[in-house]
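Report on the structure
Take a look at the letters that make up each chain.
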Amino acid sequence: MADDGSPVGTTPEPAEEPHRSDGLELARALARASRGVGPARRTPRPGSRPRRVPGKASGAYPDERDPQPLGLTVPRVVADHGWEVDLKVHGVFGRWAELVGDEVAAHSTPETFADGRLVVRTDSTAWATQLRLLAPTVVRRLNEELGHGTVTLIEVLGPHGPTWKKGPRSVRDGRGPRDTYG
């Protein structure tokens with residue numbers, strides 16, 4: 001027997017490594033634990049086929065993971081976000097002349113649509129009056145295009161007049177000109 005109590009002819013086991021403060025051993029232990037009990041994973045060789053994962057393999061038939069035609073994807077996105085009415089209303093803005101007639105469209109433009117209220121700007125006060133008289137007919141026509149109750153009110157605004165607040169002929173506390181330029 002040797003001095004340390006081990007049988008003669010055997011090598012003594014090395015003493016346990018002291019704890020390292022850099023955390024390398026802890027990281028190795030965590031990596032071993034996260035790998036699980038099975039064998040170490042092998043990296044595939046270049047040019048080899050990937051392993052099949054159950055439920056993830058693509059078949060001969062199309063599924064939701066395949067590229068989709070734009071014509072099918074856009075309507076689904078529009079429906080998911082609730083943009084149907086907004087797109088229809090902006091389509092009306094683009095077809096304004098078709099809906100109200102060429103003569104009225106030449107003197108008026110739709111500006112905004114919110115909460116069933118359509119704001120239309122005219123280029124003169126005479127056309128603003130004319131469009132106010134035609135408003136019930138225009139509302140009915142727009143609701144035929146967009147769906148019942150989409151447009152409830154048409155607010156008709158006159159032309160933008162020039163500002164007289166600054167310049168060589170401005171008067172402090174003055175009311176400005178009385179003409180509407182129409």
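Residues numbered from 1 in each chain as written. Predicted model: local features only at pLDDT ≥ 70, side-chain atom pairs only at ≥ 80, totals over all residues. Heavy atoms only, no water.

In the nomenclature of an unreviewed UniProt entry, the protein is known as DUF721 domain-containing protein of Nocardioides taihuensis.

**Concerning the sheet that holds strand E2 (residues 117-122)**
What counts is decided by this rule: The rule for pairing is simple: two strands pair if DSSP sees at least two bridges between them. Numbering of helices and strands runs from the N terminus; a helix is a DSSP stretch of H or I covering at least four residues, while a strand is a stretch of E covering at least two. Structural elements are reduced to axes, namely lines fitted to C-alpha atoms, with helices fitted over the stretch in contact, and the angle between N-to-C directions of any two is expressed from 0 to 180 degrees. Contact between two residues is taken to exist if any of their heavy atoms lie within 4.5 Å; hydrogens are not considered.
Taken together, the three strands give an open sheet; going across it, the order is E1-E2-E3, and neighbouring strands pair in mixed fashion. At either margin of the open sheet sits one strand with a lone partner, and together these are strand E1 (108-114) and strand E3 (153-157). Sheet twist, expressed as the average angle between the axes of neighbouring strands with direction ignored, equals 25°. Docked against the sheet, helix H3 (residues 84-94) engages E1 and E2, running at close to 170° with respect to E1. Contacts from helix H6 (residues 125-146) reach E1, E2 and E3 within the one sheet, and its direction differs from that of E3 by about 160°.

**Brief notes about the side chain of Arg121**
Just so we agree on the cut-off: Accessible area is worked out with a 1.4 Å probe on protein chains only. A residue is then buried under 20% of its type maximum, exposed over 50%, and partly exposed in between. Residues adjacent in sequence count toward polar contacts only when both atoms are side-chain atoms; beyond that, a polar contact is any pair of N or O atoms within 3.5 Å, and within protein one must be able to donate a hydrogen and the other to accept it.
Position of Arg121 relative to the elements: it lies in strand E2. Judged by relative accessible area, which is 16%, Arg121 ranks as buried. Of the polar contacts made by the side chain of Arg121, one reaches the side chain of His160; its length is 3.3 Å. Setting aside residues up to four positions removed in sequence, Arg121 forms contacts with His107, Ser108, Thr109, Glu111, Leu157, Gly158, Pro159 and His160.

**Re the pairing of E2**
Counting buried positions along E2 yields five of six residues, so the element is predominantly enclosed. Bridge count between E1 and E2: six bridges; the pairing is antiparallel. Looking across to E2, one finds that Pro110 is bridged to Val120. With five bridges joining them, E2 and E3 adopt parallel strand pairing. Paired with Arg121 across the two strands is Leu157, which belongs to E3.

**Quick look at a nonpolar patch on the surface**
Keep this limit in mind: A residue counts toward a patch only above 30% relative accessible area and without a salt bridge, and it is joined to like-charged neighbours within 9 Å or, for Val, Leu, Ile, Met, Phe, Trp and Tyr, to nonpolar neighbours within 5 Å. To measure how exposed things are, a 1.4 Å probe is used in the Shrake-Rupley method; for residues, cover is taken only from the protein chains shown. Any Lys or Arg side-chain nitrogen found within 4 Å of a carboxyl oxygen on Asp or Glu counts as a salt bridge.
Taken together, the side chains of Val77, Trp83 and Leu87 define a hydrophobic patch exposed on the protein surface, amounting to about 270 Å² of accessible area. Positionally, Trp83 belongs in the loop between helix H2 (70-81) and H3. The exposure class assigned to Trp83 is partly exposed, which follows from its relative accessible area of 39%.

**Looking at unusual backbone geometry**
In this structure, Asp115 takes a positive phi of about 55° despite not being glycine. As for its placement among the helices and strands, Asp115 is situated in the loop between E1 and E2.

**Considerations on the nonpolar core**
For soluble globular proteins, nonpolar side chains are generally found buried alongside one another. Using the following cut-off: Definition used in this section: a nonpolar core is a set of buried Ala, Val, Leu, Ile, Met, Phe, Trp, Tyr and Cys residues joined via side-chain atoms within 4.5 Å.
If you look at the biggest cluster of nonpolar residues, it comprises 19 residues, and the most contacted ones within it are Trp96, Leu118, Leu142, Val151 and Ile154. For this core, the secondary-structure elements that each account for two or more residues are H3, helix H4 (96-100), helix H5 (102-107), E2, H6 and E3.

**Structural notes on the pattern of salt bridges**
In the structure shown here, the tally under the stated rule is five salt bridges. Across the pair Arg95 and Glu98 runs a salt bridge, and its minimum N-O distance is 3.4 Å. Since its relative accessible area comes to 30%, Arg95 is described here as partly exposed. In this structure, Arg121 engages Glu111 in a salt bridge whose closest nitrogen and oxygen atoms are separated by 3.1 Å. With Arg121 in strand E2 and Glu111 in strand E1, this residue pair connects regions lying 10 residues apart in the sequence.

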